[in-house]
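Chain by chain, the residues run as shown.
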Amino acid sequence: MTPVLVTGLPRSGTSWTGRMLAAGGELIYVNEPLNPQHPPGRCPGVLRASVTHRFQYICDGNSAAFLPAFRDTVALRYGFLAELRANRSPYDLGRLARYGGAFLYGRLTGRRALLDDPFAVLSAGWFATELGCKVIALVRDPVSFVASWQRLGWTVHFHELLDQPLLVRDHPSVLELRALAGSGDRIAKAVALWRFARQVLEATPGIRVVGYESLAASPIAGFMELYHYAGLTWSPRARRRITRACTAPAGAGPGFAWSGLSRTGFRPMDSRQALRSGARGLTPDEVARIRDLAGPVHT
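Residues numbered from 1 in each chain as written. Predicted model: local features only at pLDDT ≥ 70, side-chain atom pairs only at ≥ 80, totals over all residues. Heavy atoms only, no water.

This brings us to the overall build of the chain. Each helix and strand counted, the chain has 14 helices and five strands in total. Taking 19 Å as the expected radius of gyration for a compact globule of 299 residues, we find that the chain reaches 19 Å, a close match to that expectation. Its C-alpha atoms give the chain principal-axis dimensions of about 55 × 45 × 40 Å. Counting over 299 residues, the chain shows a buried share of 52%. Surface exposure of the chain reaches about 13,400 Å², of which carbon and sulfur atoms provide 53%. (Helix = DSSP H or I, 4+ residues; strand = E, 2+ residues; numbered from the N terminus. Rg over C-alpha atoms; globule rule 2.2 N^0.38 Å. Buried < 20%, exposed > 50% of the residue type's maximum accessible area, 1.4 Å probe, protein only. Areas by Shrake-Rupley, 256 points an atom, 1.4 Å probe, with all protein chains shown as cover.)

Here you go:
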């Protein structure tokens, strides 16, 4: 069965998109197996492979280290013993029960795997060609993307990219990021990451690149198209749940929600209203600077 990968840089709407695709009940949601932070990553029950970098680049040169592990993941084969050997805190055991049960349920009922992983953004082509994934890559407007990172106090550590020889081999433009590696200019660094990731995605065949703003502005039509692309059934249940989760007026309550062990970035929202606050926290001068650094934006 064809797995689905939803990717894009962090804070580009991957969790929201993944949860909406899972709303129809045909997918088992798998949260960020390539995240090197535990949790949600470093869980060998979900992915029995060593992740050494943020934005791990996977290609022909290191496929042998990842392909068997991801074949198990997308086939929903959970490694109970491997997980118990590595992680045994009460929280970890709760995740084991949740994911192990979900994987088993998915296999017994013929569900497909959905990987929600922003850290797979540079490896989207590998997931499409080697695992046969239907890949949906979210790209957010650079101003909203940078504003979100600024509000969270996030920055980019470019050594995570520059220390990957295979990434440098296949995408030598990554070397242009060296000039900012030691910089304290978080805005310039975030824009540089945005430009590089977009360049990689636009050069990757066999994937669907989707503008976050376009999807948020028209979620019903947008998700109906993505359901078709991913080979999912656009059922009354899916439409109803997506409508309630994405377009309900303030105070109406979410159509459905996830919390606790999943720990994703998704929160039910009026997606169209959320677009209006994309630049929140930035000054007009900062917005103008981001636009200048990002260059022409094609949606």
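Glancing now at the nonpolar core. Counting residues in each nonpolar core, the largest one holds 65 residues, and the members touching the most others are L34, F70, L122, F127 and L161. Here this core takes 10 residues from helix α9 (residues 186–202), the largest share from any one element. If we skip the residues at most four places from it in the chain, L34 touches L47, V51, Q56, I58, F66, F70, D117, F119, A120 and F127. Core analysis: the second largest hydrophobic core is formed by 26 residues, W16, Y212, Y229 and A245 among them. (Core = buried A, V, L, I, M, F, W, Y, C linked by side-chain atoms within 4.5 Å. Contact = heavy atoms within 4.5 Å.)

Turning next to the packing of helix α1 (residues 14–22) against helix α11 (residues 219–230). Where α1 contacts α11, the axes come no closer than 11 Å and their chain directions differ by 70 degrees. Regarding the angle of α1 to α11, the classification is roughly perpendicular. Crossing of α1 against α11: the hand is right-handed. Taking contact as the criterion, the partners of W16, T17, M20, L21 and A22 in α1 are, on α11, P219, F223, L226 and Y227. (Axes fitted to C-alpha atoms, helices over the stretch in contact; angles between N-to-C directions. Parallel < 35°, antiparallel > 145°, perpendicular 65-115°, else oblique. Left-handed = near helix turned anticlockwise from the far one by under 90°.)

Our focus in this paragraph is a nonpolar patch on the surface. Nonpolar side chains collect at one region of the surface, where L81, L84 and L93 lie side by side and expose about 260 Å² of accessible area between them. Mapped onto the elements, L93 comes out in helix α4 (residues 90–109). (Patch = residues over 30% accessible without salt bridge, like charges linked within 9 Å, V, L, I, M, F, W, Y side chains within 5 Å. Salt bridge = Lys/Arg side-chain N within 4 Å of Asp/Glu carboxyl O.)

Turning next to the sheet that holds strand β5 (residues 208–211). If you trace the five strands from one edge of the open sheet to the other, you get β2-β3-β1-β4-β5, paired in parallel fashion. Both edges of this open sheet fall to β2 (27–31) and β5, since each of them pairs with a single strand only. For this sheet, the mean angle separating the axes of adjacent strands, direction not counted, is 20 degrees. Note that strand β1 (residues 4–7) and strand β4 (residues 134–139) share four bridges and pair parallel. Across the sheet, the residue bridging to V4 is K134, located in β4. (Pairing = 2+ DSSP bridges.)

Considering the arrangement of structural elements, one finds D116 in strand β3 (residues 112–116). One buried charged residue, D116, remains without a salt bridge, the closest side chain of opposite sign being R19 at 6.2 Å. Among the polar contacts listed, one links the side chain of D116 to the side chain of S15, at a separation of 3.2 Å. A polar atom in the side chain of D116 sits 2.2 Å from the side chain of Y29. (Lys, Arg positive; Asp, Glu negative; His and termini not counted. Polar contact = N/O pair within 3.5 Å; in protein donor to acceptor, adjacent residues only side chain to side chain.)

Time to look at the packing of aromatic side chains. For the coordinates displayed, the defined rule picks out 12 aromatic pairs. Centroid distance F70 to W126: 6.0 Å. Interplanar angle 65 degrees. Geometry classified as edge-to-face. One end of the pair, F70, is in helix α2 (residues 63–74); the other, W126, is in helix α5 (residues 124–130), and 56 residues separate them in sequence. One exposure class covers both F70 and W126, and it is buried. Look at W149 and W154: their rings are 5.3 Å apart centre to centre, the planes differ by 80 degrees, and that puts the pair in the edge-to-face class. Members of the aromatic cluster, connected to one another through ring pairs, are Y78, F80, Y99 and F103. (Phe/Tyr/Trp six-rings, centres within 6.5 Å; stacked < 30°, edge-to-face > 60°.)

Here the focus is the pairing of β1. Along β1, one buried face is formed by V4 and V6 and the opposite face, lined by L5 and T7, is buried too. Judged from the three bridges that link them, β1 and β3 form a sheet pairing that is parallel. If you follow V4 over to β3, its bridge partner there is L114.

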